[in-house]
Amino acid sequence: MLDDTAISALRRALQDADYTLDAVSERLGETGLSGLARNSSVPTLRTLAGATDAQAELIRFWLLGRPVAAATIRPLLGCPDALVQAGLIHANGDQWQAAVELKPHGSQARSGWICSDQTPLDGRIVPPSEDFVLGASPASTTLAQLVPPGHYGTVLDLGTGCGIQGLHLNAENLVATDLNQRALDLARISLGLSEVTADLRLGSLYEPVAGERFDLIVTNPPYVISPPRPGRLIYRDGGFAGDDLMREVVTGAAAHLNPGGVLVVLGNWAITDRPWDERLAEWITPTGCDALVLQREVLDPYEYIELWLADAGLAGRAEYLPRYRQWLDYFADSGITSVGLGWLVLRRAERAHPEVRFEDWPHAVHQPVGTAFADFFAAVDDARAPEAEFWARCWRQHPELTQETFGEPGAADPEHLVLRQGYGFGRAMEPGTALAAVVGACDGELPLAALVAAVSGLLEVGSQELADDLLPRLRELVALGYLVR
Ligand SMILES: C[S@@+](CC[C@H](N)C(=O)[O-])C[C@H]1O[C@@H](n2cnc3c(N)ncnc32)[C@H](O)[C@@H]1O
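Residues numbered from 1 in each chain as written. Predicted model: local features only at pLDDT ≥ 70, side-chain atom pairs only at ≥ 80, totals over all residues.

Draft legend 1. Spotlight on the packing of helix H1 (residues 4-16) against helix H9 (residues 181-193). With their axes 9 Å apart at the nearest point, H1 and H9 run at an angle of 55° to one another. Here H1 is positioned oblique relative to H9, judged by the angle of their axes. The two elements H1 and H9 cross, and the hand of that crossing is right-handed. Contacts from Asp4, Ile7, Leu10 and Arg11 of H1 reach H9 at Ile189, Gly192 and Leu193. Its residues placed into classes, the contact of H1 with H9 shows four nonpolar, one polar and two charged. (Axes fitted to C-alpha atoms, helices over the stretch in contact; angles between N-to-C directions. Helix = DSSP H or I, 4+ residues; strand = E, 2+ residues; numbered from the N terminus. Parallel < 35°, antiparallel > 145°, perpendicular 65-115°, else oblique. Left-handed = near helix turned anticlockwise from the far one by under 90°. Contact = placed C-beta atoms within 7 Å. Nonpolar A, V, L, I, M, F, W, Y, C, P; charged D, E, K, R; others polar.)

Structure below.
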């Protein structure tokens, strides 16, 4: 693979040709970029319209995987011979063609490049090889958004693939692992080009980090639940029974987290004849971590299997139906009735009774949603404050909380009053008259006890009675981020 000198030469060449995130995005515009997001090269080719400047040639070569005349592309590569020798370019006589995709990529933290296997464009169906290395996928971006923002000391990127998470993280020491040596080779290029220092290690799950602890672990492991078979796709099929790989990731995390450390996982879990949250609670509760688990979607076996057969490039092929039947039998034999897709975020809280919540949450969320997870973990202590302390606090409404009222036009009182979060998970709730009045008065000036007493006067109910009734609901409003300090 490429050594550090070659990687630096390649970076300089990419920069010299303005093959950078901002410049390429500006050139391709919204139309070209959304075309590429749909795996269509046509809008980009139309935009380039036969241009022969260095940036246009690199877009055709690295982004679209088109053959380019050797005489044209050679001087634009920085380290052409090293790239050919490493197998990253096919040098076919006077036409050269990239064997990998090199794509500008960026985040709030930095901008750089991602080196991965090529995304088939324009409807081409290419069954991936066993050691295929995925580029920036929607799952990669979602995982990056789930991470509570901040600067971390030690971070583990488990199953790094092309190394994309490294471009999104703010880490002093980054360890990136993978079971696939090819992934580590390409991650080394992505991270080297993007000037992210990382310790790359080969191995399964937590094996390469035995005895080590981290402030943050991020992973979208190969979570696809599929029948075990030789020649599995390493980037998505974990090779474990059912969702055992996800269970290993979760149950093994506490031993690798520093106190206060966070595990962020995007994945799938099996749904059986037991409630999904009950199964996942068995993984999480023994870790002693606080956790918030959101099930974003549930797919029936047919939808799930069709999705992943298409992903493997099998649509329309002879193996499609036999593989479909085998997969259905596997689900039936394993008692899997559907599959949950979602997010698990755990924090090593070290408290006697951790806060573990499961929610079906198919609704749109506000990005970056990682902030909402951070706020949730921070709110747990506030919500659990001793009663006297809780009443004495001067809570305020979250600044982006709004109130909506609905009812018949002209009616004296609204039929429904809804509190809606224009932030985080975008939660909404109907508080009812008394709670709405208390929340409405929470402006950070007066202790909660005084507000409840005032509202009890207005509503002509006993102040203690109202306080007893509202306390658990007010604690919930704090835990869920409606009321903040
Ligand atoms: C879905 S990809 C995620 C890649 C990348 N983290 C991202 O955000 O796009 C899963 C990665 O896990 C790796 N992997 C598969 N089995 C693994 C295992 N047992 N231990 C560690 N990594 C594994 C795969 O090679 C692949 O790179």
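Draft legend 2. Summary view of the sheet that holds strand E1 (residues 68-69). Across the sheet, which stays open at both edges, the three strands sit in the order E1-E3-E2 with antiparallel pairing between neighbours. Of all the strands in the sheet, the pair left with one neighbour each is E1 and strand E2 (89-92). Here E1 pairs with strand E3 (residues 95-98) via two bridges, running antiparallel. When the sheet's bridge partners are listed, Ala69 is paired in E3 with Gln95. (Pairing = 2+ DSSP bridges.)

Draft legend 3. Examining helix H4 (residues 54-63) more closely. Counting buried residues in H4 gives seven out of ten residues, a clear majority hidden from the surface. All buried positions along H4 are accounted for by Glu57, Leu58, Ile59, Arg60, Phe61, Trp62 and Leu63. Its buried side turned inward, H4 meets helix H2 (21-37), helix H3 (42-48), E1, helix H5 (70-73), E3 and strand E4 (101-106). Where H4 terminates, the next one or two residues include Gly65, which has phi positive at roughly 70°. (Buried ≥ 20, exposed ≤ 12 C-beta atoms within 10 Å, placed from the backbone.)

Draft legend 4. The sheet that holds strand E8 (residues 199-202), seen in detail. Across the sheet, which stays open at both edges, the eight strands sit in the order E8-E7-E6-E9-E10-E12-E11-E13 with mixed pairing between neighbours. Taken across any chain shown, the strands that pair with only one partner, and hence form the sheet edges, are E8 and strand E13 (356-360). The mean inter-strand angle of the sheet, taken between neighbouring strand axes irrespective of direction, is 15°. Inspection of the sheet shows strand E6 (residues 152-158) paired to strand E9 (residues 214-219) by three bridges, in the parallel sense. When the bridges of E9 are listed, Leu156 appears paired with Ile217. Across the sheet, helix H10 (residues 244-253) is in contact with E9, strand E10 (257-271) and strand E12 (338-347); its angle to E10 comes to roughly 165°.

Draft legend 5. Structural view of the domain arrangement of the chain. Each assigned domain of the chain is listed with its residue range as follows: domain 1 (4-99), domain 2 (138-381) and domain 3 (387-484). Placing the centre of domain 1 and that of domain 3 at their C-alpha centroids yields a distance of 56 Å. (Domains from an automatic or database assignment.)

Draft legend 6. Broad picture of the site of the ligand. Within the structure, the ligand sits among 24 residues, and Ser140, Gly159, Gly161, Leu179 and Asn180 are positioned closest to it. For the shell around the ligand, a count of residues per class yields eleven nonpolar, eleven polar and two charged. (Near = placed C-beta within 6 Å.)

Draft legend 7. A look at the environment of Thr44. Structurally, the position occupied by Thr44 is in helix H3. Residues Thr44 and Thr142, 98 residues apart in the sequence, show an inter-C-alpha distance of 25 Å. Once you skip the residues sitting within four places of it in the chain, Thr44 turns out to touch Leu28, Gly32, Gly35, Leu36, Ile59 and Leu64.

Draft legend 8. Focus on unusual backbone geometry. Here the bond from Gln367 into Pro368 is cis, since omega is -5°, no more than 30 degrees from zero. The topology assignment puts Pro368 in the loop between E13 and helix H14 (370-383). Phi is positive for Leu205, which is not a glycine, with a value near 45°. Relative to the helices and strands, Leu205 is located in the loop between E8 and E9. Backbone geometry places Glu350, a non-glycine residue, at a positive phi of 55°. Looking at the secondary structure, you find Glu350 in the loop between E12 and E13.

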